[in-house]
Amino acid sequence: MSRVILPSIRWSRLCTSKRLHSVTSPSASWVSTHRRLYSEVRQNTPTSAQDKATVGVFTPKAAVLFVATGIGLYYYFHHEKQKLLEQKQNSLESRSVGRAQVGGPFTLTSHDDKPFSDKDLLGKWNFVYFGFTNCPDICPAELDKIGAVITPLEKEYGDIFQSVFISVDPARDTVSQMKRYLADFHPRIIGVMGDYATTKDICKAYRVYFSTPPNADPEGDYLVDHSIYVYLMDPNGQFVEAFGQSAPSEEVVERVKKEITEYEQETGKKV
Ligand SMILES: [Cu+2]
């Protein structure tokens, strides 16, 4: 900016000396006074060569160049800004494209014997977990972990969390069994179940493996092998992240907080 200020100072000095030259028929004292002033001005005014070296030349050509540079810079920064916006948009899109296609429409029954569908996931952050009530240790531990995650998050964010425990053992996990079983866990955990075909469909949609045979004996004493993931779904019902068995509850809490912040920034919405 100093280059802009310096030429303008010089410009006003030149104007002053020019004005002194242009006066006609001056009186002797006027001439004497103004000669003195003129000589002072000359002394204080850099010569053309000095001037070029010290303050640069502010010619019409320079002015045009200056304006052209300004316009060029404006378009450059405008272009850069557009590029940044596009990059941000692309990264958001690739983020959603990069996310695994997990989930889909379903209609099951809740442990309160009410229909429960994918629509019931909307408007809350959901922890979706697949397991079975006869599981000796892994499912109880994972459900405890979900409770340990929801409790501190609810304290901070309020009632915006829900967990869905989807049975992979349709033969034995009846409504009453599920209700009895979940009484020992966090109240936000909803047990849901369906028949074998529906269970198979939802497991496929959520990429969950389960080993229950189609004609399992409800009285049978069998174990079910199944995937152990807690899925985080956002308030739009979209899959966000899968937490494995090794992720401690504190880590899950921190990752969920990060996801909530990103969701709020991306959508401009709070749940
Ligand atoms: Cu289990």
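Up top you'll find the structure we're talking about.
Since we're looking at a predicted model, the values are computed, not measured. (Residues numbered from 1 in each chain as written. Predicted model: local features only at pLDDT ≥ 70, side-chain atom pairs only at ≥ 80, totals over all residues.)

**Some points on the pairing of strand β7 (residues 239–244)**
- Two elements, strand β6 (residues 229–233) and β7, share five bridges in a ladder whose sense is antiparallel. Within the sheet, the bridge partner assigned to V230 lies in β7 and is F243.
- Count of turn residues in the β6/β7 antiparallel hairpin: five residues, of which G237 carries a positive phi of about 80°. (Pairing = 2+ DSSP bridges. Helix = DSSP H or I, 4+ residues; strand = E, 2+ residues; numbered from the N terminus.)

**Here we look at the sheet that holds strand β1 (residues 107–110)**
- Pairing within the open sheet is mixed, and its seven strands lie in the order β2-β1-β5-β4-β3-β6-β7. Across the chains shown, the open sheet's two edge strands, defined by having one partner strand only, are β2 (115–117) and β7. Strand-to-strand twist in this sheet, taken as the mean axis angle between neighbours without regard to direction, amounts to 35°.
- Pairing of strand β3 (residues 125–131) with strand β4 (residues 161–167), which is carried by seven bridges, proceeds in the parallel orientation. Across the sheet, the residue bridging to G131 is S167, located in β4.
- Sheet contacts for helix α6 (residues 175–182): β1, β4 and β5 (189–193); angle to β5, the most-contacted strand, approximately 160°.
- Contacts between helix α8 (residues 249–267) and the sheet are confined to β3, β6 and β7, with β7 contributing the most and set at about 170° to the helix. (Axes fitted to C-alpha atoms, helices over the stretch in contact; angles between N-to-C directions. Contact = placed C-beta atoms within 7 Å.)

**As for the pairing of β4**
- Counting buried residues in β4 gives six out of seven residues, a clear majority hidden from the surface.
- Handedness of the crossover is the feature at issue here: the chain leaves β3, passes through helix α5 (residues 138–157), returns alongside β4, and the resulting connection is right-handed.
- Relative to β5, β4 runs parallel, the two sharing four bridges. Bridge pairing in β5 links I166 to V192.
- Handedness of the β-α-β unit built from β4, α6 and β5 comes out right-handed. (Buried ≥ 20, exposed ≤ 12 C-beta atoms within 10 Å, placed from the backbone. Right-handed = clockwise from strand over helix to strand, strands pointing away.)

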